[in-house]
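# Commentary on secondary and tertiary structure
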Amino acid sequence: MSLSTTIKSIQDIMRKDVGVDGDAQRIGQLVWMFFLKIYDDKETEYELLEANDGDYRSPIPERLRWRNWAADPEGMTGDELLDFINIRLFPTLKNLQPAHADRRGFVIRSVFEDAYNYMKSGHLMRQVINRIVAGVDFNKAQDRHLFGDLYEQILRDLQNAGNAGEYYTPRPVTQFMVDAVAPRLGEKILDPACGTGGFLTCAIEHVRKQHVRTVEDEQLLQRCINGVEKKPLPHLLCTTNMILHGLDVPTNVCHDNTLARPLRDYGPRDRVDVIVTNPPFGGMEEDGIESNFPATFRTRETADLFLVLIMHLLKDGGRAALVLPDGTLFGEGIKTRIKEQLLETCNLHTIVRLPNGVFNPYTGIRTNLLFFTKGTPTRDVWFYEHPYPPGVKSYNKTKPMRIEEFAAEKAWWNNRVENEFAWKVSAADIKARNYNLDIKNPHSPDAVVHDPETLLAEYVALQAKIGETRAKLKGVLAAALQGEN
């Protein structure tokens, strides 16, 4: 049975269980099981690697290790299995007390602190476990590679159960952004809203490919990867994703809300070299979060707060790439003050304007990729309007965005000239526009503009047309009623 067939059969079994209600619970159930299987396969590797240094000691109590309760296809099932999971496994791992220096134990506990067993049938659970045992071996390079692809599909499926602001970032977008900021070995890399870890895994792969040559290089890379995720299920997915991508002890991926810490409490030790992220947008933070920020930047809109935080966390010379919605570009009030701060303290050198549909089917909000370097003010901003490929009018599940589409931006990046998709605007002109960054492509006269005055005029004209139509409709109805009389 192929790995993809195994995954599908597991999901079909889960759908029969009355306790698993919807995609989010199904995926949450699936991932904690995969985590334990992945970790058990990794422990086999640790045992071989550490054989010369003494016996390997698992942070998981011996009876609770996957190999000792799940691996036997004729093992526990029914109520016995359910009782073991609910009464022994989960309470123990949620409250695991690792030895002082046992960083792996802290990872296990953090994963299970907010994990849950939703399944109610021990017999169905045994079927799921047996499919995992028989169908997946993460010590096989081929299985690990294939599961990486399937893992990304699981992440996409998760979006069907997501809330506003939670969107899977397409792999081509994360890949292009990471390639553009080009993190180097030894640089501290952060995603302050890391979700399921897409940007971090891209950064790991980029640095490994370009810079890692020795075991010491790899150890340095692993120490430099940092992420924070607010919600428990994405954090569990991210931790699993990190282990799949070779981070043996991803203790720097934290379950927390980056915005909940007062901005003034972030000191020099918290500064980073590279930030790549897609901060949540379209949502509002809980009451009181805005008080962690200076009064001039206080808002409850998540994307705005993250932009302020990112500017603060970068070292001088640090580089950032982030996804932001159109609303940030043309918004006024506090958004204007944030953009003024951005242009005065950072070199906002590039804005890539993405077309509609990049985040379909989860949202139709238009988005942009902002690239900036901290420490010097902006002199000019280059805009690049990313076009659809020939023959494509929008993206969807059958026609997603592809990394090859960014070849034109990559070729243009280090040798910039204006063309039908690229244009340059001075910081002085942007200031004269009251920091409205929603600037029309001068080579595309039909491009949509979100200038507030233009939008207001269009709104007034639309209301007038609606009034005219309403008046005509009233006249037609009145004439019809008189005819009946």
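What comes next is a walk through the structure. (Residues numbered from 1 in each chain as written. Predicted model: local features only at pLDDT ≥ 70, side-chain atom pairs only at ≥ 80, totals over all residues. Heavy atoms only, no water.)

## Here's the deal with the pairing of strand E2 (residues 225-229)
Applicable threshold: For each residue, the accessible area found with a 1.4 Å probe, counting protein chains only, is set against the maximum for its type, and the residue is called buried under 20%, exposed over 50%, and partly exposed in between. Secondary structure counts use DSSP, requiring at least four H or I residues in a row for a helix and at least two E residues in a row for a strand, with both numbered from the N terminus. Note: two strands are recorded as paired if DSSP finds a minimum of 2 bridges between them. With the strands aimed away from the viewer, a crossover counts as right-handed if its path from the first strand over the helix to the second runs clockwise.
In terms of residue burial, E2 counts as a mostly covered element, since 5 of its 5 residues are buried. Every second residue of E2 is oriented toward a common face, with Ile225, Gly227 and Glu229 on one face and Asn226 and Val228 on the other, all of them buried. Examined bridge by bridge, strand E1 (residues 189-191) and E2 share 3 bridges and lie parallel to one another. When the bridges of E2 are listed, aspartate 191 appears paired with glycine 227. With helix H11 (residues 232-244) bridging E2 and its parallel neighbour strand E3 (residues 253-255), the resulting β-α-β unit is right-handed.

## Some points on the nonpolar core
Formally: In plain words, nonpolar cores are sets of buried Ala, Val, Leu, Ile, Met, Phe, Trp, Tyr and Cys residues tied together by side-chain atoms within 4.5 Å. We call two residues in contact whenever any of their non-hydrogen atoms come within 4.5 Å of each other.
Core analysis: the biggest nonpolar cluster contains 79 residues, and Leu348, Leu369, Phe371 and Phe372 have the highest contact counts within it. Counting residues per element, this core draws most heavily on helix H12 (residues 302-313), which supplies 9 residues. Not counting chain neighbours up to four residues away, the residues in contact with leucine 348 comprise Leu342, Leu343, Leu370, Phe371, Phe372, Thr378, Asp380, Val381 and Leu437. Ranked by size, the runner-up nonpolar core spans 48 residues in total, among them Phe34, Leu36, Tyr56 and Leu81.

## Some thoughts on the environment of threonine 174
Here is the rule we go by: We define a polar contact as two N or O atoms separated by no more than 3.5 Å, with the added condition that, inside protein, one atom must be a possible hydrogen donor and the other a possible acceptor, whereas residues neighbouring each other in sequence contribute only through side-chain atom pairs.
Tracing the sequence through the fold places threonine 174 in helix H8 (residues 171-181). For threonine 174, a relative accessible area of 3% corresponds to the buried category. Threonine 174 sits 229 residues away from isoleucine 403 along the chain, and the two C-alpha atoms are 9.4 Å apart. In this view, threonine 174 contacts Thr169, Gly198, Phe199 and Cys202; residues no more than four positions away in its chain are not counted. There is a polar contact of 2.8 Å between the side chain of threonine 174 and the backbone oxygen of arginine 171.

## A few points about the sheet that holds strand E4 (residues 272-277)
Heads up, the condition is: Where helices are involved, their axes are fitted lines through C-alpha atoms of the stretch in contact, as for all axes, and angles between N-to-C directions lie from 0 to 180°.
Read from one edge of the open sheet, 9 strands run E3-E2-E1-E4-E5-E7-E6-E8-E9, paired in mixed fashion. A single partner strand is all that each edge strand has here, and the edge strands are E3 and strand E9 (422-426). Strand-to-strand, the axes of this sheet are offset by a mean angle of 15 degrees, without reference to chain direction. Strand direction decides the pairing type here: strand E6 (residues 346-353) and strand E7 (residues 367-374), joined by 7 bridges, are antiparallel. Bridged to threonine 350 within E7 is phenylalanine 371. Packed on one face of the sheet, H12 meets E1, E4, strand E5 (314-325), E6 and E7 and runs near 165 degrees to E5. Here helix H14 (residues 334-345) sits on the sheet and contacts E6 and E7; the angle it forms with E6, its principal contact strand, is near 120 degrees.

## Quick word on the pairing of strand E8 (residues 380-385)
Along E8, 5 of the 6 residues are buried, which leaves the element largely enclosed by surrounding structure. Of the strand pairs in this sheet, E6 and E8 are connected by 4 bridges, and their pairing is parallel. Bridge pairing in E8 places isoleucine 351 opposite phenylalanine 383. Where E8 meets E9, 5 bridges bridge the pair, whose relative direction is antiparallel. When the sheet's bridge partners are listed, tryptophan 382 is paired in E9 with lysine 424.

## Here's the deal with the packing of helix H2 (residues 23-49) against helix H6 (residues 122-135)
For clarity, the threshold we go by: Oblique is the label for every angle not falling under 35 degrees (roughly parallel), over 145 degrees (roughly antiparallel), or within 65 to 115 degrees (roughly perpendicular). By convention the crossing between two helices is left-handed if the near helix lies anticlockwise of the far one by an angle smaller than a right angle, and right-handed if it lies clockwise. Gly falls in the polar group here, along with every residue not listed as nonpolar (Ala, Val, Leu, Ile, Met, Phe, Trp, Tyr, Cys, Pro) or charged (Asp, Glu, Lys, Arg).
Here H2 crosses H6 at 45 degrees, and the two axes come no closer than 11 Å. Here H6 runs oblique to H2, going by the angle between their axes. Classified by chirality, the crossing of H6 by H2 is right-handed. Two secondary-structure elements touch here, H2 through Gln29, Met33, Phe34 and Lys37 and H6 through Met125, Val128, Ile129, Ile132 and Val133. Here the contact of H2 with H6 is composed, by residue class, of 7 nonpolar, 1 polar and 1 charged.

## A look at H6
The line we're drawing: Expected helix span is taken as 1.5 Å per residue step, with the number of steps being one fewer than the number of residues.
The end-to-end C-alpha separation of H6 is 20 Å, in line with the 20 Å expected for 14 residues at 1.5 Å each. The set of residues buried in H6 consists of Gly122, Leu124, Met125, Arg126, Val128, Ile129, Ile132 and Gly135.

## Here's the deal with the pattern of salt bridges
Note that side chains of opposite charge can pair when their charged atoms are close. Note the cut-off: In what follows, salt bridge is the name for a side-chain nitrogen of Lys or Arg lying within 4 Å of a carboxyl oxygen of Asp or Glu.
A complete count under the given rule lists 22 salt bridges for this structure. Taking the shortest distance from any N to any O, the salt bridge between arginine 67 and glutamate 47 comes out at 3.1 Å. Of the two residues, arginine 67 is situated in helix H3 (residues 66-69) and glutamate 47 in helix H2; the sequence distance between them amounts to 20 residues. Linking lysine 335 and aspartate 304 is a salt bridge whose minimum nitrogen-to-oxygen distance equals 2.8 Å. With lysine 335 in helix H14 and aspartate 304 in helix H12, this pair connects stretches of sequence that are 31 residues apart. We classify lysine 335 as buried; its relative accessible area is 12%. Several salt bridges share partner residues, and in doing so they unite Asp40, Glu43, Glu47, Glu62, Arg65 and Arg67 into one network.

Read these as layout, nothing more, since geometry by itself doesn't imply function.
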